[in-house]
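Each chain, written out:
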Amino acid sequence: MKILNRLFAIFLLTMPGIIWYRQTGDIGFYFSEGVPDGQLLYVLSKLAGLYALLFIAMQIIAALLGYLGNPLRLWQGRSHRLIGIVTICLAVAHLTLFFAAVSIRQDAPALGMFLPSFEDYYHTRLAFGLFALWLLLIVMVAGMMRYRGKGKAALSRWLHKLYWVAIVLIYLHALAVGTEAQTSAGLLFYGLLGLLMASLFILSLIHI
């Protein structure tokens, strides 16, 4: 059983990289001449985003399984907090690398990326990702408040549950503007994760 769990964990951890590599190709190409400035940072940003989506999905799946009485030991206690920090770091890296890539291309800081814009479909979907990052930061702070016993417990619990809003925004962002997530492999992998989250959420409501 442990071997199967490890194999499944390896599968989950390698799939975003495989999806990214199939779309991106040999990373050495991005060090060659003729590649647009900032392109390497751009593709690395997409890799960070794919893994951020995986980890936030797994955090939610683990939380729901725990609520249903089937906790994942890997995602409990200290591990839960550590993976949460990794998730935030990946999400921040996703935005920072994308910001750097755009800034290099336009030869000026793309400061407008840190403010939501709804001028068209593309910018609206980018805004969804920005809102999701803000919510993840709130979720992290609320989790730290709960762990340290600071602040109002009810408020911190409520704020920590904003990850449900965050994951919806992340999916809307990734499936709309993420070229890797839009591939057949990306849609299948992240679609199944989304279906699993939705199914466990419905089961948790029934469990109530």
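To be clear, the structure that these remarks concern was listed above.
In what follows, the accompanying structure is described. Note that the coordinates shown come from a computational prediction; the quantities given were computed from them, not determined experimentally.

**Considering the overall build of the chain**
1) Next: Secondary structure assignment for the chain yields seven helices and zero strands.
2) Next: Of the regular secondary structure in the chain, the N- to C-terminal order runs α-α-α-α-α-α-α.
3) Next: For 208 residues, the compact-globule estimate of 2.2 N^0.38 gives 17 Å, and the C-alpha radius of gyration of the chain, at 18 Å, lies within 12% of that figure.
4) Next: For the chain, the C-alpha atoms occupy an extent of roughly 55 × 40 × 30 Å along the three principal directions.
5) Next: Burial status across the chain gives 38% buried among its 208 residues.
6) Next: Taking contacts inside the chain between residues at least 6 apart in sequence as the whole, the part at least 24 apart equals 68%.
7) Next: Accessible surface, the chain as shown: approximately 12400 Å² in total, 70% of it carbon and sulfur.
8) Next: Side-chain charges of the chain comprise 15 positive and 7 negative groups, with the mean position of each set lying 31 Å from the other.

**A closer look at the pattern of salt bridges**
1) Next: Applying the stated rule across the entire model yields one salt bridge.
2) Next: Here Glu180 makes a salt bridge to Lys46, at a shortest N to O gap of 3.0 Å. Remark: Lys46 occurs in helix H2 (residues 39-67) and Glu180 occurs in the loop between helix H6 (163-177) and helix H7 (184-207); sequence separation between them is 134 residues. Here Glu180 and Lys46 have matching classes, each one buried.

**Examining H6**
1) Next: Across its 15 residues, H6 extends 21 Å between first and last C-alpha, which sits within 8% of the 21 Å expected from 1.5 Å per residue.
2) Next: What H6 keeps buried is the set Tyr163, Ala166, Ile167, Leu169, Ile170, Tyr171, His173, Ala174 and Ala176.

**Brief notes about the packing of H2 against H6**
1) Next: It is at 11 Å that the axes of H2 and H6 come closest, and there the two elements cross at 145°. Regarding H2 and H6, the two cross each other, and that crossing is left-handed. Contact residues: H2 offers Leu53, Ile56, Ala57, Ile60, Ala63 and Leu64, while H6 offers Tyr163, Trp164, Ile167, Ile170, Tyr171 and Ala174.
2) Next: Of the residues in the contact of H2 with H6, the class split is 12 nonpolar, no polar and no charged.

**Focus: a nonpolar patch on the surface**
1) Next: The grouping of Phe201, Ile202, Leu203, Leu205 and Ile206 at the surface amounts to a nonpolar patch, some 490 Å² of accessible area in total.
2) Next: Relative to the assigned elements, Phe201 resides in helix H7.

**A look at the packing of aromatic side chains**
Each pair of aromatic rings is reported with the distance of its centres and the angle of its planes.
1) Next: This structure, assessed with the given rule, holds 10 aromatic pairs.
2) Next: Taken together, a centroid distance of 4.9 Å and an interplanar angle of 55° make the contact between Phe99 and Phe114 tilted. With Phe99 in helix H3 (residues 77-106) and Phe114 in the loop between H3 and helix H4 (121-148), this pair connects stretches of sequence that are 15 residues apart.
3) Next: Ring plane angle 70° and centroid distance 5.4 Å describe the contact between Phe131 and Trp134, whose orientation is recorded as edge-to-face. With a gap of three residues between them, Phe131 and Trp134 both fall in helix H4, about one helical turn apart.
4) Next: Residue classification places Trp134 among the partly exposed residues on the basis of a relative accessible area of 36%.
5) Next: Over the face of the ring belonging to Tyr42 we find Arg105, whose NZ or CZ atom lies 5.2 Å from the ring centre.

Calculation criteria
- Residues numbered from 1 in each chain as written.
- Predicted model: local features only at pLDDT ≥ 70, side-chain atom pairs only at ≥ 80, totals over all residues.
- Heavy atoms only, no water.
- Helix = DSSP H or I, 4+ residues; strand = E, 2+ residues; numbered from the N terminus.
- Rg over C-alpha atoms; globule rule 2.2 N^0.38 Å.
- Buried < 20%, exposed > 50% of the residue type's maximum accessible area, 1.4 Å probe, protein only.
- Contact = heavy atoms within 4.5 Å.
- Areas by Shrake-Rupley, 256 points an atom, 1.4 Å probe, with all protein chains shown as cover.
- Lys, Arg positive; Asp, Glu negative; His and termini not counted.
- Charge placed at Lys NZ, Arg CZ, Asp CG, Glu CD.
- Salt bridge = Lys/Arg side-chain N within 4 Å of Asp/Glu carboxyl O.
- Expected span 1.5 Å × (residues − 1).
- Axes fitted to C-alpha atoms, helices over the stretch in contact; angles between N-to-C directions.
- Left-handed = near helix turned anticlockwise from the far one by under 90°.
- Nonpolar A, V, L, I, M, F, W, Y, C, P; charged D, E, K, R; others polar.
- Patch = residues over 30% accessible without salt bridge, like charges linked within 9 Å, V, L, I, M, F, W, Y side chains within 5 Å.
- Phe/Tyr/Trp six-rings, centres within 6.5 Å; stacked < 30°, edge-to-face > 60°.
- Lys NZ or Arg CZ within 6 Å of the ring centre and 35° of its normal.

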